[in-house]
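Summary of the model geometry
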Amino acid sequence: MTHKNTEIGVAAAIAIVGFAVSAQAAETTITAVHALQITNTMTQSFLKTFVAPVNANGKGLVQIKFLGAQEIVPPRKAAKALKRGQFGMLGAPTAYYLGMVPEGRALLVANQGPHVLRKNGGWELLQRIYKKGAGSHLLAWGNSRTFYFMYLSKMPKFDKDGVPDLTGVKMRATGTYRPLFRALGASTINIKGSEVYTAMQRGTVQGFGFPGLGSVPNGFHKVTKYRVTPEYYQTNDVVTMNLEVWDGLNKAQKDFLTKRAIAFEKTSVKFLQVQWEKEEKIMLTKGGLDGKGVKDIALTGKAAKKYLDIAYSEVWKVLKAKAPGNYAALRKLLYVEGKADLLPLK
């Protein structure tokens with residue numbers, strides 16, 4: 001990249017490719033955006049357990065300038081904006097990449113953590129997929145181990161096995177939840193996360209899927225009456241970089257960011273566990289339409305097994321249809337029957 005000696009030149013360079021190099025080429029500043037709301041716990045995890053440590057330990061080498069969250073670019077346009085070089089780094093659930101990388105669904109239903117994938121070849125496969133499909137470098141899979149729930153404003157009907165029957169129910173859903181909700185009979189509506197509260201309040205939707213974390217900071221617990229358990233999936237929040245920005249870094253900078261990414265994968269899990277424990281107390285004691293707590297619809301036995309089987313099989317089914325060329329390899333590397341190997345919560 002051409003070095004610029006004026007502030008205007010540097011600003012222009014940042015705008016074009018998402019990073020700037022100092023006159024001495026000693027330090028690179030990378031602009032970053034997160035696709036979720038700034039109040040979302042996973043966005044805060046990205047800022048506190050990745051961006052902050054990079055900036056604290058990368059002086060003279062790499063710095064990250066956080067531009068903002070959904071106010072910078074709509075979530076579903078974020079991956080393409082990254083590819084164009086509007087900014088240099090993006091934190092986002094893989095649901096917002098599905099049009100470019102349908103294989104991102106595999107992280108949802110994986111039972112092997114990022115530490116395993118970095119050893120068994122799974123990470124290299126995913127990096128090749130993201131490079132080809134999204135034109136980006138896959139840097140980290142942080143915030144894993146956070147699970148998902150179905151949230152409802154009214155008690156659902158149940159089928160003969162005790163599984164919720166969502167026929168006639170309108171559910172807010174991204175690509176993460178759509179396969180499950182449609183399999184249960186719901187009609188799904190695409191609504192930004194920032195609009196879920198209003199949509200529930202007005203009855204535009206009667207339910208939504210969301211991680212166990214983040215509902216409370218967004219106020220969703222106040223417009224939710226029921227939560228269905230057991231939980232399902234694990235968070236598919238990844239950090240990617242614009243290829244030109246990544247390729248423009250030297251080896252020391254790449255090694256540093258990779259090292260911080262691996263640390264982030266571990267520390268983010270522990271950070272989120274602490275936050276989840278705090279949010280769960282609020283959810284169960286102060287949530288709900290009456291402020292007395294959201295009520296759990298606890299599926300057990302045959303009903304729980306069927307519910308989870310639907311949740312996981314539907315995602316694998318969609319992935320096989322959307323990415324047949326990578327399906328078998330991803331399933332082999334990311335999912336080992338009966339042998340989950342995930343990062344520790346504590």
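Residues numbered from 1 in each chain as written. Predicted model: local features only at pLDDT ≥ 70, side-chain atom pairs only at ≥ 80, totals over all residues. Heavy atoms only, no water.

**Some details on the sheet that holds strand S14 (residues 295-298)**
Pairing is mixed across the open sheet formed by six strands, whose spatial order is S10-S9-S11-S6-S12-S14. Unpaired on one side and paired on the other, strand S10 (187-189) and S14 mark the two borders of the sheet. Within the sheet, the average angular offset between the axes of one strand and its neighbour, ignoring direction, is 30°. Alignment of strand S12 (residues 226-232) against S14, held across four bridges, turns out to be parallel. Bridging across to S14, Thr-229 finds its partner in Ala-298. Packed on one face of the sheet, helix H11 (residues 301-322) meets strand S6 (148-152) and S12 and runs near 70° to S12. (Pairing = 2+ DSSP bridges. Helix = DSSP H or I, 4+ residues; strand = E, 2+ residues; numbered from the N terminus. Axes fitted to C-alpha atoms, helices over the stretch in contact; angles between N-to-C directions. Contact = heavy atoms within 4.5 Å.)

**Some details on unusual backbone geometry**
For the bond running from Thr-229 to Pro-230, omega is 15°, close enough to zero to count as cis. Position of Pro-230 among the secondary structure elements: in strand S12. Here Asn-143, not a glycine, exhibits a phi torsion of approximately 60°, which is positive. Considering the arrangement of structural elements, one finds Asn-143 in the loop between strand S5 (136-142) and S6. Classification of Asn-143 as buried rests on a relative accessible area of 0%. Unusually for a residue other than glycine, Tyr-233 sits at a positive phi of about 60°. Considering the arrangement of structural elements, one finds Tyr-233 in the loop between S12 and strand S13 (237-242). Taking relative accessible area as the criterion, Tyr-233 reaches 5% and is therefore assigned buried. (Buried < 20%, exposed > 50% of the residue type's maximum accessible area, 1.4 Å probe, protein only.)

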